[in-house]
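What follows is the residue order along each chain.
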Amino acid sequence: MAEIVRTERAERVFVSYHTLMVGDRDSERGHPDHAFDQLASSRPGIAVIRTGVHTGFLDVTIQLATGPPPMPQPDAWEDGTEFDLITLTGETVLCGLMGEPPSQFPNLTPQGPGRYRMRVHTNGRSVNNKAYRQVCPEAYLITIWPVDAGPDATARYREMADSEPLNKSDRMRAWAREQALKEPGRPARRVKRHPA
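Residues numbered from 1 in each chain as written. Predicted model: local features only at pLDDT ≥ 70, side-chain atom pairs only at ≥ 80, totals over all residues. Heavy atoms only, no water.

On to the overall build of the protein chain. If you tally the helices and strands in the protein chain, you get two helices and nine strands. Split into buried and exposed, the 196 residues of the protein chain put 41% on the buried side. Counting contacts in the protein chain only where the partners sit at least 6 residues apart, residues at least 24 apart contribute 81% of the total. Of the roughly 11,900 Å² that the protein chain leaves accessible, carbon and sulfur atoms contribute 52%. (Helix = DSSP H or I, 4+ residues; strand = E, 2+ residues; numbered from the N terminus. Buried < 20%, exposed > 50% of the residue type's maximum accessible area, 1.4 Å probe, protein only. Contact = heavy atoms within 4.5 Å. Areas by Shrake-Rupley, 256 points an atom, 1.4 Å probe, with all protein chains shown as cover.)

Here it is as structure tokens:
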């Protein structure tokens, strides 16, 4: 029987651009191109949850489980989805786009690199662009458990991620790096002093 081994809640998780991310710490992998549904999508190294609020603070609860826990009561949450979360490093964090992970949230994939399942439930998710600097009514429950983790899984999923075609955000990041290499830098500008 699967059990919940850790539960943490943060009432003020900052998000911007409707984006809450769960992914490898310091990952440079781009966002998923194709959404499984309107709530969330993933690719190796990162998962994206699309929030109703553009910019503001959300109430987020994280649960880490040993296996698939029972589903919540049907009327407990308004929307939900479940999908694969693949970590290439085993160091997975949750944060809003351009935000910092809440300090009370642990590493979300403590069993190491590999494949996990991630279940997302939400209440109050609606477009609300006026939530900046206040807690909006959106609440999320994110449950994660291991499916195929460990040393053997590491090589398999790394190979899968390396063979995945580049998506739009990967191409933009590569273009920006290429442009930076071509930038010759600006010479120091000398200011002529006019005689007094």
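Taken together, four strands build an open sheet; the order of strands is β3-β4-β2-β7 and the sheet is antiparallel. Two strands in the sheet have a free side with no partner beyond their single neighbour: β3 (40-43) and β7 (92-96). Across this sheet, the average inter-strand angle for adjacent strands is 15°, counted without regard to direction. Pairing of strand β2 (residues 19-24) with β7 involves five bridges; the strand directions are antiparallel. (Pairing = 2+ DSSP bridges. Axes fitted to C-alpha atoms, helices over the stretch in contact; angles between N-to-C directions.)

What follows concerns the confidence of the model for the protein chain. Residue-level pLDDT values for the protein chain average 78, and 66% of them are 70 or greater. The weakest mean pLDDT in the protein chain belongs to helix α2 (residues 168-182) at 62; the strongest belongs to strand β8 (residues 114-123) at 93. The low-confidence segment residues 187-191 (pLDDT under 50) makes zero contacts with residues lying over four places distant or belonging to another chain. (pLDDT = per-residue confidence, 0-100.)

Burial analysis of β8 places seven of its 10 residues in the buried class, the great majority of the element. Relative to β8, strand β6 (residues 79-87) runs antiparallel, the two being bridged by nine bridges. Opposite Thr81, over in β8, you have Val120 as the bridge partner.

A separate point is the nonpolar core. Ile49, Val60, Leu94, Met118 and Ile142 are the most contacted members of the largest nonpolar core, which totals 26 residues. Elements with a contribution of two residues or more to this core: β1 (4-15), β2, β4 (46-50), β5 (56-65), β6, β8 and β9 (135-149). Excluding residues that lie within four positions of it along the chain, Val60 makes contacts with Glu8, Arg9, Ala10, Val13, Leu20, Leu94, Phe105, Tyr140 and Ile142. Listed in part, the five residues of the second largest apolar core include Met21, Ile46, Val48 and Leu97. (Core = buried A, V, L, I, M, F, W, Y, C linked by side-chain atoms within 4.5 Å.)

As a further point, take the pattern of salt bridges. Scanning all chains against the criterion turns up seven salt bridges. Glu82 serves as the salt-bridge partner of Arg119, at 2.9 Å between the closest nitrogen and oxygen. With a gap of 37 residues between them, Arg119 in strand β8 and Glu82 in strand β6 connect regions that are remote in the sequence. Take Glu82: its relative accessible area is 28%, and that puts it in the partly exposed class. One salt-bridge network, in which partners are shared between bridges, spans Glu82, Asp84, Arg115, Arg117 and Arg119. (Salt bridge = Lys/Arg side-chain N within 4 Å of Asp/Glu carboxyl O.)

The subject of this paragraph is the packing of aromatic side chains. Under the counting rule described, the total for this entry stands at one aromatic pair. Its end group placed over the ring of Phe57, Arg12 keeps NZ or CZ at 3.9 Å from the ring centre. (Phe/Tyr/Trp six-rings, centres within 6.5 Å; stacked < 30°, edge-to-face > 60°. Lys NZ or Arg CZ within 6 Å of the ring centre and 35° of its normal.)

So, on to the environment of Thr66. Mapped onto the fold, Thr66 is located in the loop between β5 and β6. In this structure the C-alpha to C-alpha distance between Thr66 and Ala2, which are 64 residues apart in sequence, comes to 5.3 Å. Within the local environment of Thr66, its side chain forms a polar contact with the backbone nitrogen of Glu3, the two atoms lying 3.0 Å apart. (Polar contact = N/O pair within 3.5 Å; in protein donor to acceptor, adjacent residues only side chain to side chain.)

Mapped onto the elements of the fold, Thr87 is located in strand β6. Only 2.8 Å separates the side chain of Thr87 from the backbone nitrogen of Gly90, close enough to count as a polar contact. The contacts of Thr87, once residues within four sequence positions are left out, are Asp24, Thr92, Thr109, Gly112, Pro113, Gly114 and Tyr116.

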